[in-house]
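Each chain is listed here by its residues.
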Amino acid sequence: MRNGPSPTHSRPPVRFLRGVSAQARALDELIDRVSAASNSTVLLTGESGVGKEVVARTIHERSRRRDGPFLGLNCAAVTEGLLEAELFGYEPGAFTGGVAAGRTGLFAQAAGGTLLLDEIGELALPLQAKLLRVLQERSFRRVGGLRDETLTARVIAATNRDLTEMVARGTFRDDLYYRLNVMQLRVAALREHPEDIEPLARQFLRELALESEREGVDFEPEALETMRRHDWPGNVRELRNAVERGLCLCPGTRIDGASLGLEPSGRRPSPSSHERSIDIGDGSLRGVEERLIRRVLADQGGNRSSAARVLGINRATLYHKLKHYGI
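Residues numbered from 1 in each chain as written. Predicted model: local features only at pLDDT ≥ 70, side-chain atom pairs only at ≥ 80, totals over all residues. Heavy atoms only, no water.

The topology assignment puts N74 in strand β2 (residues 70–74). Spatially, the C-alpha atom of N74 lies 5.9 Å from that of E119, the residues being 45 residues apart in sequence. Side-chain polar atoms of N74 contact the backbone nitrogen of A76, separated by 2.9 Å. (Helix = DSSP H or I, 4+ residues; strand = E, 2+ residues; numbered from the N terminus. Polar contact = N/O pair within 3.5 Å; in protein donor to acceptor, adjacent residues only side chain to side chain.)

Bringing helix α8 (residues 197–211) into the picture now. Taking 1.5 Å per residue, 15 residues should reach 21 Å; α8 reaches 21 Å between its end C-alpha atoms and fits that length. Taken as a whole, α8 has its buried residues at I197, L200, A201, Q203, F204, L205, L208 and A209. If you follow the buried residues of α8, they end up packed against β10 (218–219), α9 (221–229), α10 (235–249) and β11 (254–255). E213, located one to two residues past α8, shows a positive phi value of around 55°. (Expected span 1.5 Å × (residues − 1). Buried < 20%, exposed > 50% of the residue type's maximum accessible area, 1.4 Å probe, protein only. Contact = heavy atoms within 4.5 Å.)

On to the pattern of salt bridges, then. Following the criterion strictly, the structure yields 20 salt bridges and no others. For R142, the salt bridge goes to E149, with nearest N and O atoms at 3.5 Å. Here the two residues R142 and E149 agree in accessibility, since each one is buried. A salt bridge links R202 to D218; the nearest nitrogen and oxygen atoms lie 2.7 Å apart. Taken as a pair, R202 in helix α8 and D218 in strand β10 lie far apart in primary sequence, 16 residues in all. Look at the salt bridges and you will find they share partners, linking E198, R202, D218, E220, E225, R228 and R254 into a network. (Salt bridge = Lys/Arg side-chain N within 4 Å of Asp/Glu carboxyl O.)

Moving on, we get to the packing of α8 against α10. Where α8 meets α10, the closest approach of the two axes is 9 Å, and the angle between their N-to-C directions is 50°. Of the possible angle classes, the one that applies to α8 and α10 is oblique. For the crossing formed where α8 meets α10, the hand is right-handed. Across the interface between the two elements, I197, L200, A201, F204, L205, L208, A209 and E211 of α8 pack against V236, L239, R240, V243, E244 and L247 of α10. (Axes fitted to C-alpha atoms, helices over the stretch in contact; angles between N-to-C directions. Parallel < 35°, antiparallel > 145°, perpendicular 65-115°, else oblique. Left-handed = near helix turned anticlockwise from the far one by under 90°.)

A word on helix α13 (residues 304–311). The complete set of buried residues in α13 reads S305, S306, A307 and A308. Just downstream of α13, G312 is the residue with a positive phi angle, here 75°.

Per-residue confidence for the protein chain gives a mean pLDDT of 85, with 84% of residues at or over 70. Counting contacts from residues 1–6, a segment whose pLDDT is below 50, to residues more than four positions away or on other chains yields 16 contacts. The low-confidence segment residues 266–283, where pLDDT is below 50, has 28 contacts with residues more than four positions distant or belonging to other chains. (pLDDT = per-residue confidence, 0-100.)

Moving on, we get to unusual backbone geometry. The phi torsion at E119 lies on the positive side, around 55°, for a residue other than glycine. One can find E119 in the loop between β5 (114–118) and α5 (125–137). Assessed through its relative accessible area of 4%, E119 is described here as buried. Positive phi, normally seen in glycine, also occurs at R138, with a value near 55°. Tracing the chain through its elements places R138 in the loop between α5 and β6 (139–140).

Before going further, it helps to examine the packing of aromatic side chains. Applying the stated criterion across every chain, the model contains three aromatic pairs. On the numbers, 5.2 Å between centres and 85° between planes, the contact of F88 with F107 is edge-to-face. With F88 in helix α3 (residues 80–88) and F107 in helix α4 (residues 106–109), this residue pair connects regions lying 19 residues apart in the sequence. Aromatic rings pair up to connect F88, F107 and F140 into one cluster. (Phe/Tyr/Trp six-rings, centres within 6.5 Å; stacked < 30°, edge-to-face > 60°.)

Below you can see the structure in the form of structure tokens.
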């Protein structure tokens with residue numbers, strides 16, 4: 001039955017990404033308050049790549065639940081049938097091809113700790129109803145089971161989508177939205193607090209240089225200026241990738257702007273321009289789709305969430321197509 005991706009299991013304590021901006025300080029204070037209320041459900045919102053998982057881990061580490069497990073699951077990366085089994089678990093014989101002894105789900109595995117449900121906006125409506133019951137009743141039942149088990153994990157949900165808009169369209173349950181939205185933390189896009197670009201870049205550089213035993217590496221002034229001018233559509237994730245790329249490409253102790261591999265701001269093609277500019281080759285539908293996906297993925301720096309938004313599909317569909325085309 002284990003065909004889906006493995007959940008994110010407990011890791012060593014994470015270092016919160018500390019900025020100097022008013023937005024960063026306000027978020028840090030909110031994390032402290034939310035961490036203290038260790039039983040309340042939390043909804044994290046913000047664009048892809050802003051660091052919602054890091055915020056979730058920081059909430060866990062600062063709460064009374066820090067000694068319990070931290071587990072995470074990307075709802076967009078698992079099919080609906082597998083997702084129910086991942087969350088609830090199942091009894092022996094509940095699934096053809098399942099583990100003979102049954103399986104313990106994430107609701108039970110995260111007992112006493114924290115369960116992060118990432119990409120909650122991708123959850124299918126039938127599973128939304130089941131999740132609502134779990135949060136309301138603080139109990140769940142394995143697939144094929146006859147008895148309820150108590151939910152003792154804290155649930156943190158995260159999304160880069162506008163759930164209020166989805167509620168208005170009828171694709172997300174309003175009662176589940178209100179149940180999740182007990183405490184909402186919006187993680188700002190990096191372009192909204194550009195004063196944090198340099199301190200975050202230096203934090204990433206220290207950590208990456210330590211890992212690769214290259215301490216003493218620093219940025220050239222023009223590299224810092226290149227980062228300040230960039231609009232960071234991939235947010236903090238893109239910033240870390242750029243710093244790692246610069247560290248890899250510069251053998252000495254100074255990282256220059258060119259090694260960061262950043263496109264000049266404002267030169268990314270708009271979503272509608274991909275179809276016009278792409279080489280259609282033999283003109284087959286399969287060929288056009290594959291080349292379009294490759295082009296958009298490259299334009300978004302390999303960020304699959306951003307590529308899915310540009311293509312107008314969800315991440316699960318994109319993953320399926322990437323596998324289908326061997327990308």
